[in-house]
Amino acid sequence: MLLAKMGANTSQISDLSENTSLKALVGTEIISENDPFWNQLISFTFISPTCSGDSKLLEEAVIPFARMLIENNPRTGNFGALVRIFLGRTKELKISTECQDQLFIWQAHNALFMIRCLLKVFIREMNEEELHLQFCYQERAPGFCGETNSEDPLEELLSNLIHLIVEVPLLDITYSILFEAVTTLLVFFSYQLFSKDIRRDGLIYQHIMKGRCLSLTSRIVKTLLYNFIRQEKCPPPATHIFEAKAEGGLLYGLASGVASGLWSVFTLGGAGTKSDIDQDDNHLPLSNQSLLLLLVLANLTDGPDFPNPYRQAITCFRNTQDTSVSPVEQPHTFQINFNSLYTALCEQQRSDQATLLLYTLLHQNSNMRTYILSRTDMDNMVLPILEILYHVEERNSHHVYMALIILLILTEDDAFNRSIHEVVLKSVSWYTERSLTEISLGSLLILVVIRTIQFNMTRTRDKYLHTNCLAALANMSAQFRCLHQYASQRIISLFALLSKKHNKVLEQATQSLRVRQGDNTAIPDYAQDLNVIEEVIRMMLEIINSCLCNSLHHNPNLVYALLYKRELFEQFRTHPSFQDIMQNLDMVIGFFGQRLEQAGNDLSVEQVQEVIMKGAQALPKDRLKKFPELKFKYVEEDQPEDFFIPYVWSLVFNSGVGLHWSPQGIELFSMDSG
């Protein structure tokens, strides 16, 4: 059961409607900023919910108060007063942290917590211009005709939140208020959740992109990255930090969970994940929210005459160990520890947002990409990516796409393609279809990608997914080395599956042609299906051919599998779409087939492999026809416009920010669950 003490009155959440302090805040009476009421209002304790149901209950309890405040605030200015109470305290937060003034930090946290609760409802109920007015309303004394504060309170709050995040150190006593600051910024941006179109302007957008916040761009990006890197768990709840004062002052008792104040933290993790593998993320709320905010900032659209400064910061930051001078001065650049960032990325790939960050850095930050590709422990990064693909049934399609694009970007590098075959894995615990021992990382990558293709053929039938899988295999094919026996078998098995599919579609196309000649009934057009399957078959033949031309002597297991299933290729020998590429396969099959015949019948597997290895040394390389090198490069323009913005907001929507709304933009941002 949820308990709260608002204004020193402890009650169940269901009784909040009778809370006198909250009623006064949202009521018709003007409350001066000097009134002791404010000190009482923000001195409350709170036990954080542990499930989304309790959080929904809290949010529903806040809605009537927020609506009443919307009605009365133009006359009272009480919301603006609450904001100014918080802003007044932010100026002393850094000093309070140094002095370990937990009471001051706790009250500042509570004020921000209340602002965020109200903002969530405000943003649902009104547009940005109306929201701005809620900040600007101030108490008016009778006969008042003087100037009001010329400072824009909305911009001042946004600026102060960013200052708070970058200047207040992360300690146990500041964890909760830092979390609130990050989450409040996410709530400000959540107007996007109520729009079917990508938002490209607005007051909040202008303040963040061009206002006072601009000068803090590199610092906020760096701080959010370090919050992600540190992976700090929510500190243990403090109990009775503040005891009742002898002179009868307010009772400040922090009940279990109030130290974190994370009432909106629940079911944190990847969007659309069906399993419980992300439950540990419940203990890392600040890390997760910081990463979400970073992705939101990085994916804000460019202005008409200025680029997104946060994206600029993400694309150009450098390693702390890099002492070189950049030939061109980059805006908003900074330095960060690449080793720590790499470690965090490897450890957190189970979440969509960490995978999206890895993609962003690989694709857009050349410094980070070069560093990652230079690592000698690439298996720490590649294995989690492969595990995402292996559990494709449990992952949403966007997470799978990100994992595939990451592999495609990595396989653009020849050194990576060589090195993954030098890393030998003793076992792979999550690969349950077959026990894999002493398999190279390269062979495992091939197995998982082929499995993804086969899953796609039978389930999702997504051409884009096929394209990325085949492109990654094609990029690797010239550097295939010592392929595992099972990986070699699966390559040929995939070709067998494609061949069977081709024959089925060809038969359907032939039958539909006969039907069309005597009937005007609409018949499915199988010609397009046939073209697609033939493109995929052509790609598979090119991948096999590339391996044979460049590293045949390193891959006896592939030659063995090719000979074992040689009949599969006979039907394509005279096919006009495959004749050229089949020349090499025919020659290899014929050459090794002849040597096996000469070696005699009843050969054991070991004897066949020995014949193949000797034959590979004897085969003249000039007998194989050379084809252009297979190289595919990921191009972001291939993605739909603003592909990542809906994806990012789907993560925010599903992450536990407390956004339990059913917004108009839900069809744009609610992603499938796998």
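Residues numbered from 1 in each chain as written. Predicted model: local features only at pLDDT ≥ 70, side-chain atom pairs only at ≥ 80, totals over all residues. Heavy atoms only, no water.

Right, let's talk about the overall build of the chain for a bit. A count of helices and strands for the chain gives 28 helices and seven strands. Taking all 674 residues of the chain together, 55% fall into the buried category. Carbon and sulfur atoms provide 49% of the accessible area of the chain, an area that totals close to 29100 Å². (Helix = DSSP H or I, 4+ residues; strand = E, 2+ residues; numbered from the N terminus. Buried < 20%, exposed > 50% of the residue type's maximum accessible area, 1.4 Å probe, protein only. Areas by Shrake-Rupley, 256 points an atom, 1.4 Å probe, with all protein chains shown as cover.)

What follows is about the pattern of salt bridges. Counted according to the given criterion, the structure contains 18 salt bridges. The closest approach of N and O atoms between lysine 631 and aspartate 414, which form a salt bridge, is 2.8 Å. Of the two residues, lysine 631 sits in the loop between helix H26 (605-618) and helix H27 (644-655) while aspartate 414 sits in helix H19 (residues 414-419), which places them 217 residues apart along the sequence. By relative accessible area, lysine 631 is classed as partly exposed at 31%. (Salt bridge = Lys/Arg side-chain N within 4 Å of Asp/Glu carboxyl O.)

Let us now look at the packing of helix H15 (residues 352-364) against helix H18 (residues 397-411). Contact geometry for H15 and H18: axes closest at 9 Å, N-to-C directions at 30°. Comparing their axes, H18 and H15 come out roughly parallel. Seen from above, H15 lies across H18 with left-handed handedness. Only His399, Met402, Ala403, Ile405, Ile406, Ile409 and Leu410 of H18 make contact with H15, whose side of the interface consists of Asp352, Thr355, Leu356, Leu358, Tyr359, Leu362 and His363. For the contact of H15 with H18, the per-class residue count stands at ten nonpolar, three polar and one charged. (Axes fitted to C-alpha atoms, helices over the stretch in contact; angles between N-to-C directions. Parallel < 35°, antiparallel > 145°, perpendicular 65-115°, else oblique. Left-handed = near helix turned anticlockwise from the far one by under 90°. Contact = heavy atoms within 4.5 Å. Nonpolar A, V, L, I, M, F, W, Y, C, P; charged D, E, K, R; others polar.)

Glancing now at the nonpolar core. Counting residues in hydrophobic clusters, the biggest one holds 218 residues, and the most contacted among them are Leu131, Phe188, Ile208, Tyr431, Ile491, Phe569 and Phe592. Take this core: its biggest share by element is 14 residues, from helix H6 (residues 102-125). (Core = buried A, V, L, I, M, F, W, Y, C linked by side-chain atoms within 4.5 Å.)

If you trace the backbone, phenylalanine 113 turns up in helix H6. Note: C-alpha distance between phenylalanine 113 and glutamate 180 (67 residues apart in sequence) is 6.4 Å.

Moving on, we get to the packing of helix H21 (residues 463-477) against helix H23 (residues 526-551). Axis separation between H21 and H23 bottoms out at 9 Å; the angle between their running directions is 10°. One way to sum up the angle between H21 and H23 is to call them roughly parallel. Seen from H21, the contacting residues are Lys463, His466, Leu470, Leu473, Ala474 and Ser477; seen from H23, they are Glu535, Val536, Met539, Met540, Ile543, Ser546, Cys547 and Ser551. Class assignment of the residues belonging to the contact of H21 with H23 gives a composition of eight nonpolar, four polar and two charged.

Our next topic: the packing of aromatic side chains. Applying the stated criterion across every chain, the model contains 20 aromatic pairs. Residues phenylalanine 317 and phenylalanine 334 carry aromatic rings whose centres are separated by 5.1 Å and whose planes lie at 20° to one another, so their mutual orientation is stacked. Residue phenylalanine 317 is located in the loop between helix H13 (309-316) and strand S4 (318-319), and its partner phenylalanine 334 is located in the loop between S4 and strand S5 (335-336); the two are separated by 17 residues in the primary sequence. Each member of the pair, phenylalanine 317 as well as phenylalanine 334, carries the same accessibility label: buried. Between tyrosine 359 and tyrosine 634, the aromatic rings sit 5.8 Å apart at their centres with planes inclined by 80°, giving edge-to-face as the arrangement. Taken together, the positions of tyrosine 359 in helix H15 and tyrosine 634 in the loop between H26 and H27 put the pair 275 residues apart, joining distant regions of the chain. As far as the burial class goes, tyrosine 359 and tyrosine 634 line up, both buried. Put simply, the rings of Phe317, Phe334, Phe338, Tyr342 and Tyr371 pair up and form one aromatic cluster. It is arginine 89 that lies over the ring of phenylalanine 104; its NZ or CZ is 5.2 Å from the centre. Above the ring of tyrosine 390, the side-chain terminus of arginine 451 is found at 4.1 Å from the ring centroid. (Phe/Tyr/Trp six-rings, centres within 6.5 Å; stacked < 30°, edge-to-face > 60°. Lys NZ or Arg CZ within 6 Å of the ring centre and 35° of its normal.)

Residue position: serine 290 is located in helix H12 (residues 285-298). Not counting residues up to four positions away in its chain, the partners in contact with serine 290 are Val182, Leu224 and Asn227.

The pLDDT averaged across the chain works out to 82; a share of 82% of its residues lies at or above 70. Note that residues 7-11 has pLDDT below 50 and, in this model, 18 contacts with residues that lie over four places away or in other chains. Here residues 141-147 scores under 50 on pLDDT; set against residues more than four positions off or in separate chains, the count is zero contacts. (pLDDT = per-residue confidence, 0-100.)

Even without being glycine, histidine 332 reaches a positive phi, approximately 65°. Relative to the helices and strands, histidine 332 is located in the loop between S4 and S5.

What follows is about the side chain of asparagine 299. Mapping asparagine 299 onto the fold places it in the loop between H12 and H13. In this structure, asparagine 299 is in contact with Asn308, Arg311, Phe644, Ile645 and Val648, ignoring residues within four places of it in sequence.

Below, the discussion takes up a positive patch on the surface. On the surface, a cluster of positive charge is made up of Arg461, Lys500, Lys501 and Lys504. Counting through the fold element by element, lysine 500 comes out in helix H22 (residues 485-518). (Patch = residues over 30% accessible without salt bridge, like charges linked within 9 Å, V, L, I, M, F, W, Y side chains within 5 Å. Lys, Arg positive; Asp, Glu negative; His and termini not counted. Charge placed at Lys NZ, Arg CZ, Asp CG, Glu CD.)

Attention now moves to H26. Here H26 spans 20 Å end to end across 14 residues, near enough to the 20 Å set by a 1.5 Å rise per residue. Among the residues of H26, those classed as buried are Val608, Val611, Ile612, Gly615 and Ala616. Within H26, the buried residues cover an arc of 135° as seen down the axis, which keeps them to one side. Structural note: H26 exposes Glu606, Lys614 and Gln617 on the side pointing more than 90 degrees away from its buried face. The inward-facing, buried residues of H26 abut helix H24 (556-564) and helix H25 (579-599). (Expected span 1.5 Å × (residues − 1). Arc of directions from axis to C-beta.)

Structurally, leucine 286 is set in helix H12. Leave out the neighbours within four places in its chain, and leucine 286 touches Leu170, Tyr175, Leu178, Phe179, Val182 and Asn227.

By the secondary structure assignment, glutamate 155 is in helix H8 (residues 153-167). Measuring from C-alpha to C-alpha, the distance between glutamate 155 and arginine 212 comes to 7.7 Å, with 57 residues separating the pair along the chain. Each residue touching glutamate 155, except ones within four places of it in the same chain, is listed here: His207, Gly211 and Arg212.

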